[in-house]
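# Descriptive structure summary
Residues per chain, in single letters:
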Amino acid sequence: MIDRPPPVPYAGAMNNPTAKPYAGATSATVRELNLRTVWGLIGASAPISRAEISRATGISKPTVSAVLEDLLQIGLVAETADDSRGFTYGAVFFKPRPEAAYAVAFDVGARRLRGALAGLDGAEVVRLDAEVDKLDAPGMVTAAVRLARELAEAAGVPQSSVRHAVIGVPGVVDRRDGRVRQAANVTGMEGFAAQEQFSAALGMPVTVENDIHLAAHGEYARGCGGSADSFLFLSIGTGVGAGLVLGGHLHRGFKGAAGELDDAFEPEYTDNADGTRESSVPTGTDPCAPALMQYAARKLPGEPEPTPERVFELARAGDPAALDVAHEEARRIANYVAVAAAVVDVELVVLGGGIGLNGDLLLAPVAEHLAARLPYPPRLETSALGSGAVLAGAASLGASLTVEQLIREYFG
C-alpha cells in the first residue's frame, strides 16, 4: 500500500468538483485548513488525543484545542475513551461522528435507479433500488425524490439530516453549464439541466457527475484503486468509458469529457483480397450494439442473439469460438489501455463494467498484449466493487461535500 492521504470522505475537498482555486491564505482560511487537517487525522487514527494530534500535524497544542472546540461545535467529532491503552493520565480522546449528517447517493441507469444513504465516513448506511424502466429524465427526478425519502425512513433518520446529494448519470456533465451531454441511455437526459432540476426537487445542494468518473472515485476510496497513486478505471459494457485518477485526484478534463473513449476510436474494418473493406459489424446486426456482440454474432452463428453472459459462459466451458471472442475483446481492451498508459503512465488499470468484470478470462490476455506493446505496462486488476462502484463513489464524494458544507456553514 502506498503512503497516501486518508480515505476520501475525511480528506475534505480533495475531489470536490466545485472547489475554487486557491486565492491566498488569511487567518480565516488557515483556521479552516487546520480544521480540515485535524478532522482528516481523527478520521484516520481515532481514538486520538490532543497531544497526539499536535505531534502528528505540527500544529501547536493551543491551536489544536481551538480546532477541536470548533469540531465539537459543528458536531463532527465527539470525546471518547480508549480503554485499550491502560492508564492514560486523564487524556481525552476524540473520534469522528459519521452520524452527524448524511449524504444521499444515486446511480441513474436506464432500467434501475440505485440509491444509498451514507454517513460522513462515506459508508453506506442503507441501500435501496427502484425500477425506472422507460422513465425519462424528469421522471428520474421524481423517482429520486421518492427514493431519498424511503432511504431516510429505512435508516430511521430525519430528512433534515440529509444535507447533500451526489448523482451519477450516464453522460458527460458539461463543466461550463452543468447540463448533461451524450446521454443516449435515458430519454430526455440529453441537454438536461440535471443539477438544477434535482436540487430543486430534493431541496438540498446536488452534485451531478459522470457515472464512470464516480466509479473511479469509488475504486480509489473503497476498492482496489486505493493501492495506486495513479490509475485508470476502464468500464466495458454497452460502451467503453474511463475514469482517470492522477496523484489522488480525479481528472475530469477541461469540459468534463475526459474518459469518453468511444468517441476516439473509429469502427474497425478487415481488408479483403479483392481490395474491398469489410466492416466488423455483420450484416443485419444493430450498428450500435456493443463491439463484442457484433464480433460474437459472426463467430457464433448458433447463437443468433448472443449476450456477454452467454459468450463468457461458453468460453469458460472451453468453446473454441467463444474463447476466440474473449481473446478478441482482450485485444480491444488492450488497445484502449495502451493509448492511455502511453500518455499518462498509470500504475494500475482496473477493469469494470458488465464485460470488464470477467477478469478470469480477460486479465491474462490483456496483460500479454500490453507487454508486447509497452515497455512499462501497468498492472491489471478487476474492480473490487463490481456494479456498486458508481454508488460507492457517489457516497464517498457526497460525504466529503457534506463535511465541506457543514464547515462553510459554521464559518459563515
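Bear in mind the structure is a predicted one, so any value in this text is a computation, not a measurement. (Residues numbered from 1 in each chain as written. Predicted model: local features only at pLDDT ≥ 70, side-chain atom pairs only at ≥ 80, totals over all residues. Heavy atoms only, no water.)

## Quick look at the sheet that holds strand β4 (residues 102–108)
In space, the five strands of this open sheet follow the order β6-β5-β4-β7-β10, with mixed pairing throughout. Strands with a single pairing partner mark the edges of an open sheet, and in this sheet they are β6 (124–131) and β10 (206–210). Ignoring strand direction, the axes of neighbouring strands in this sheet form an average angle of 20°. Here six bridges tie β4 to strand β5 (residues 112–118), and the two strands are oriented antiparallel to one another. Bridge pairing in β5 links Asp-107 to Arg-114. Strands in contact with helix α12 (residues 389–411) are β4, β5, β6, β7 (162–169) and β10; relative to β7, the strand with the most contacts, it is inclined by about 145°. (Pairing = 2+ DSSP bridges. Helix = DSSP H or I, 4+ residues; strand = E, 2+ residues; numbered from the N terminus. Axes fitted to C-alpha atoms, helices over the stretch in contact; angles between N-to-C directions. Contact = heavy atoms within 4.5 Å.)

## Observations concerning the environment of Gly-109
Mapping Gly-109 onto the fold places it in the loop between β4 and β5. Considered as a pair, Gly-109 and Asp-211 are 102 residues apart in the sequence and their alpha carbons are 9.4 Å apart. Setting aside its immediate chain neighbours within four residues, Gly-109 contacts Val-132, Met-140 and Val-186.

## Here's the deal with the pattern of salt bridges
Enumeration over the complete set of coordinates arrives at 21 salt bridges. Here Arg-114 and Asp-107 are joined by a salt bridge, their closest N and O atoms 3.7 Å apart. On the accessibility criterion, Arg-114 (18% relative accessible area) is buried. Assessed through its relative accessible area of 7%, Asp-107 is described here as buried. (Salt bridge = Lys/Arg side-chain N within 4 Å of Asp/Glu carboxyl O. Buried < 20%, exposed > 50% of the residue type's maximum accessible area, 1.4 Å probe, protein only.)

## Side note on helix α6 (residues 211–222)
In this model α6 runs 16 Å from its N-terminal to its C-terminal C-alpha over twelve residues, within 8% of the 16 Å that 1.5 Å per residue would give. Counting buried residues along α6, eleven of its twelve residues qualify, which places the element largely inside the surrounding structure. Buried within α6 are the following residues: Asp-211, Ile-212, His-213, Leu-214, Ala-215, Ala-216, His-217, Gly-218, Glu-219, Tyr-220 and Ala-221. The N-terminus of α6 is capped by Asn-210, whose side-chain oxygen sits 3.0 Å from the backbone nitrogen of Ile-212. (Expected span 1.5 Å × (residues − 1). Polar contact = N/O pair within 3.5 Å; in protein donor to acceptor, adjacent residues only side chain to side chain.)

## Topic: the confidence of the model for the protein chain
Do not read the predicted coordinates in detail wherever pLDDT is low. Residues with a pLDDT of 70 or more make up 85% of the protein chain, whose mean pLDDT is 86. Here strand β15 (residues 277–279) stands out as the element of the protein chain with the lowest mean pLDDT, 50, in contrast to β4, whose mean of 98 is the highest. Note that pLDDT drops below 50 for residues 280–289; the model gives that stretch 15 contacts with residues more than four away or on any other chain. (pLDDT = per-residue confidence, 0-100.)

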